[in-house]
Each structure stands twice: as C-alpha cells, then as structure tokens.
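Observations on chain architecture
The residues making up each chain are set out below.
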Amino acid sequence: MPRNPLVMIVDENVPFRQELQAMLAPAKLAVVADCGYGVEAASLAEETRPDIVLVAIAEPHLRALQTIEAIRVIAPETPIVAYAANPDFRIVRQAMHAGVRDLLPMPLKRDELLGSLQRVLAAPIPSEGGLDQDEPARPASAGVVLTVFGAKGGIGKTTIATNIAVAIAKRAQNSVLVIDLDTRFGDVAIMYDLEPQVTVAQLASQVRTLERATFRAALQRHASGVWVLPSPKHPSDWRTVDPDDIRDLVRFAARLFDYVILDTPGAFNDIVGSALEVATQVLLVTSVDMASIKDTAFVLDLLESEGFPKERVYLTVNHANGANAIRAADVARVLRTPVFWEIPHDDEVVTASQLGRPVVLVKPRSKVSRSLAELAAKISGASAPEPRRRGLFRRLAPVSAG
Ligand SMILES: Nc1ncnc2c1ncn2[C@@H]1O[C@H](COP(=O)(O)OP(=O)(O)OP(=O)(O)O)[C@@H](O)[C@H]1O
Ligand SMILES: [Mg+2]
C-alpha cells in the first residue's frame, strides 16, 4: 500500500499552520515539517524530503519568494503549492516564475486546497524545473555564519556583533541568532539586558543528540527579534567544552537561522579556531592604535595561510577609543588590505551599552547607528558563500590557555 504523502508547511503564522494540519489530517496527508520563512525551510526540506510543500506568500513577499527559490534549489523535484491573500497579477507571475505549481487565494477552502494538492501530487514532474536557468545555484540550506573577531579586547567586537544582528534582523525580517563565544567574559547577554539561562556550553555538550525544538526552546529572544545564546557565566566553564562540539553546534544553528553571528574574545584559543573554521564570513575588527593594527596584521596572515578567501574577510576599522591621528586609509596601507567599513567614534555607544540596549535601537539617527546599519546592509546584501571545509585553524592554543 502506498504511504500517505508527506506535506511540509511554510508559514510565519504558527496558529494557521496548526489549522492547516487539522485540514490535511482527515485526507491522509501527513505534515512532516512546518516552519517560517528563511534558511530553516530549505534545510527542513532537505532533511525531511516532503512530497509536497505548501507555502504562504505573505508580507514581506520578497522573503516568501526567496524561501520558495531556496527550497527549489535544495529540492528541485518537490512540487510547491502556495496561497496568498488577494494575489494580484504581479504575485501570480512572481510565484510561477519561482516554480510554484499552483497558487490558491485566501481564505483557503478545504476542498480547493485538497483538490490542488492531490492534482499536483498526481502530475508528472516537469522536466526542466520551474527555476529560471539564469538563476545562480546557491547553497541554500545553511545560513551565513559571520564571525566577529579581532586580535584584541575592548575594540568593539561585542558592540558591533550585537548591533548589526539587530540591523540585519530588521532587514526583510531575517532570522538572526547571536552566539556568545567569548571564553573570557561573555557580555552579549548584558548588551541585550538579558539574564542568561541555557548557555552555549550546555548546548554544545548535547549537540550530538540535539533536536531543533530543544535548541529553539533554549534560546532567548531580544525585543528586537534577535535570538541569543549566551556564554557561560564563568570562564572556567569553558574548560570542558569541546571545540568540535562548538563547530557542530554552529553548523546546526546555521540550518535554522539565516544569519548566525559569533562574538569572540580578544584572544586566540581553540574555541576561536572553531568560530573561524565555521565562518562563511569574518568581520575582522581593528581599532586605530598601533598595537591593534599590528595584531590585525598577524590575524590576516593567519587567515591567508589557512586558505580563508580574502574576499570573505571584512576588515572593519572601529574608532572605539576616540580621536586618533591614524585614519582608515593608513590602516589599509599598513595592512595591505582594503578597509571594508569604518565605524566612527560616538559617545552614544557607551550611553546605550550602559542601558543594556543596542545603540541602533536607542539612537537610530546617531552617526554610529547609521554606520552600523549600513554595515549590516552591506553584509546582508552579499550572497551566501560556500560552507568551509573541515580541519582548519586546528593549531590554535586550547581554551584553558586562552
Ligand atoms: N564606535 C564606538 N564609539 C564609542 N565607543 C565605542 C565604539 N565602539 C565600542 N565602543 C566602546 O568600547 C568599549 C569596548 O567595546 P566592546 O565591549 O564592544 O569591545 P570588545 O572588543 O567586545 O571587548 P572584549 O574583547 O573585552 O569583549 C565599550 O565601552 C563600548 O561602548
Ligand atoms: Mg566583547
């Protein structure tokens, strides 16, 4: 006897996902996965291999369409049926172009929905696929892992990581997770005024058996929509953490979130090694003092010798320490590397961090907030790169020595 067809539902509206499940169950259509937009939809389609995907085309439409395209890249044979409120000609056209096989108007009528699913399931798979052949194939089942790193402490890594996370989350409602990998004094939770509950050390120890739901339930949500996984309270709690587990935990997270942003300590250790190994992009922060520039030169050499693609290293000059005669152009010349971004000094940063609130939210019009928002836009405008290969950065000192 053939098994019941497996359906995956993609809709940001969780109660409506449950309503749909109830509609489908009597027709022997089993919902194998349900989630919102973004990279998680693609990774779930890859993992659960549904027979059909049912997607809401809701605001923001672009995000819905990008999600459909990501599913089409990862599971090209899986047919997609969509539904939308008041679908106008433009949406119908875009949906069809993205490879949707049928588009139903809201409110959904049970008979119409079941009829459509059954028709599409029974139809042969179109040979050329629905995607535009000019569309570049991209690895869609994992999000961007952005490691914010710098060779020194106190240069603004946490400030940048926490603020760009908020700015990226606001852009087209990206799902963003910040993981605090500062093995000394992790302060991401403080910056977001959150009381740490489950920490990255605890989740790393269970990574081999971790389920998506358990992982999600352990995360904390900032009012901006950014998800947070704090570091353990005491630096000594890091001693038992296996850097391989951290690497695997970040990869796991990247299958659920469009962006995983890693904050790191101003030191080298094997946890930092994992954070660099899994990075798809490194935001390399330097302040404008000679010591920081010298240490940054060392990091650039290290990244190059490990084969990390230069174009994925975003050298960012942060004027964390006030007025300084050295300019970004001088930094670029000394380091023989273009400066990707320059963040001005602004006392608003200090005031906001004392309040435990990201400056981009408290003072969105300040010069530093505008700069951080533009940096976030530049980063999230870039395409998602290939995941990196294993085994790099393994010569870094273990964390107990960091
Ligand atoms: N552009 C800026 N203008 C003014 N102050 C800044 C700026 N960037 C960072 N700061 C301030 O510099 C200090 C250090 O910043 P932050 O904690 O983000 O650095 P860090 O590199 O994460 O340090 P650590 O390695 O110790 O974690 C904070 O007081 C922060 O408010
Ligand atoms: Mg920090």
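Conventions and cut-offs
- Residues numbered from 1 in each chain as written.
- Chains lettered and ligands numbered in written order.
- Predicted model: local features only at pLDDT ≥ 70, side-chain atom pairs only at ≥ 80, totals over all residues.
- Heavy atoms only, no water.
- Pairing = 2+ DSSP bridges.
- Helix = DSSP H or I, 4+ residues; strand = E, 2+ residues; numbered from the N terminus.
- Right-handed = clockwise from strand over helix to strand, strands pointing away.
- Axes fitted to C-alpha atoms, helices over the stretch in contact; angles between N-to-C directions.
- Parallel < 35°, antiparallel > 145°, perpendicular 65-115°, else oblique.
- Left-handed = near helix turned anticlockwise from the far one by under 90°.
- Contact = heavy atoms within 4.5 Å.
- Nonpolar A, V, L, I, M, F, W, Y, C, P; charged D, E, K, R; others polar.
- Domains from an automatic or database assignment.
- Buried area = accessible area lost by both parts, 1.4 Å probe.
- Salt bridge = Lys/Arg side-chain N within 4 Å of Asp/Glu carboxyl O.
- Polar contact = N/O pair within 3.5 Å; in protein donor to acceptor, adjacent residues only side chain to side chain.
- Buried < 20%, exposed > 50% of the residue type's maximum accessible area, 1.4 Å probe, protein only.
- Arc of directions from axis to C-beta.
- pLDDT = per-residue confidence, 0-100.

1. Re the pairing of strand S2 (residues 30–35)
The pairing of strand S1 (residues 6–10) with S2 spans five bridges and is classified as parallel. Counterpart to Leu 6 in the pairing with S2 is Ala 30. Handedness of the crossover is the feature at issue here: the chain leaves S1, passes through helix H1 (residues 14–24), returns alongside S2, and the resulting connection is right-handed.

2. Things to note about the packing of helix H2 (residues 39–48) against helix H3 (residues 61–74)
The geometry of a pair of packed helices is captured by two quantities: the angle between their axes and the separation between those axes. Close contact between H2 and H3 brings their axes to 8 Å; oriented N to C, the two are set at 30°. Taken as axis vectors, H2 and H3 run roughly parallel relative to one another. When you trace H2 past H3, the crossing you get is right-handed. Together, Ala 41, Ala 42, Ala 45 and Glu 46 of H2 and Thr 67, Ala 70, Ile 71 and Ile 74 of H3 make up the contact between the two elements. Across the contact of H2 with H3, the residue classes tally to six nonpolar, one polar and one charged.

3. Describing the domain arrangement of the chain
For the chain, the assigned domains are domain 1 (6–122) and domain 2 (144–401). Listed as interface residues are nine residues of domain 1 and, on the opposing side, 11 residues of domain 2. Of the roughly 840 Å² buried where domain 1 meets domain 2, counting both sides, 35% is carbon and sulfur surface. Considering only the side of domain 1, the residues that lose the most area to domain 2 are Val 39, Glu 40 and Arg 63, jointly responsible for 57% of the buried surface there. For the pair domain 1 and domain 2, the interface holds six salt bridges. Between Arg 63 and Asp 258 there is a salt bridge whose closest N-O contact spans 2.6 Å. Here domain 1 and domain 2 share 10 residue pairs in polar contact (both at pLDDT 80 or more) between them. Ranked by residue count, the leading element in the side of domain 1 that touches domain 2 is H2, at six residues.

4. What to know about the sheet that holds strand S13 (residues 341–343)
Working definition: the strands of a sheet are paired by backbone hydrogen bonds and lie parallel or antiparallel to each other. Read from one edge to the other, the open sheet built from eight strands follows the order S8-S9-S7-S10-S6-S11-S12-S13, with strand pairing classed as mixed. Among the strands making up the open sheet, the edge pair consists of strand S8 (220–221) and S13. The sheet contact formed by strand S7 (residues 176–180) and strand S9 (residues 227–229) spans three bridges and is parallel. Within the sheet, the bridge partner assigned to Leu 177 lies in S9 and is Trp 227. Sitting on the sheet, helix H6 (residues 157–170) touches strand S6 (144–149), S7, strand S10 (259–263), strand S11 (281–286), strand S12 (313–318) and S13, and the angle it makes with S10 is about 165°. Helix H12 (residues 290–305) contacts S6, S11 and S12 of the sheet and is inclined by roughly 160° relative to S11.

5. Re helix H4 (residues 89–98)
All of the buried residues in H4 are Ile 91, Ala 95 and Ala 98. Down the axis of H4, the smallest arc covering the buried residues is 65°, so these residues share one side. Exposed and oriented more than 90 degrees from the buried face of H4 are Phe 89 and Arg 93. Two residues or fewer after H4 comes Gly 99, characterised by a positive phi angle close to 105°.

6. Topic: the confidence of the model for the chain
When pLDDT is averaged across the chain, the result is 88; 90% of the residues are at 70 or more. Per-element confidence in the chain ranges from a low mean pLDDT of 84 for H4 to a high of 98 for S9. A low-confidence stretch, residues 128–139 (pLDDT under 50), is modelled with 21 contacts involving residues beyond four sequence positions or located in other chains. Overall, residues 383–390 carries pLDDT values under 50, and its contacts beyond four positions in sequence, including any with other chains, amount to 26 contacts.

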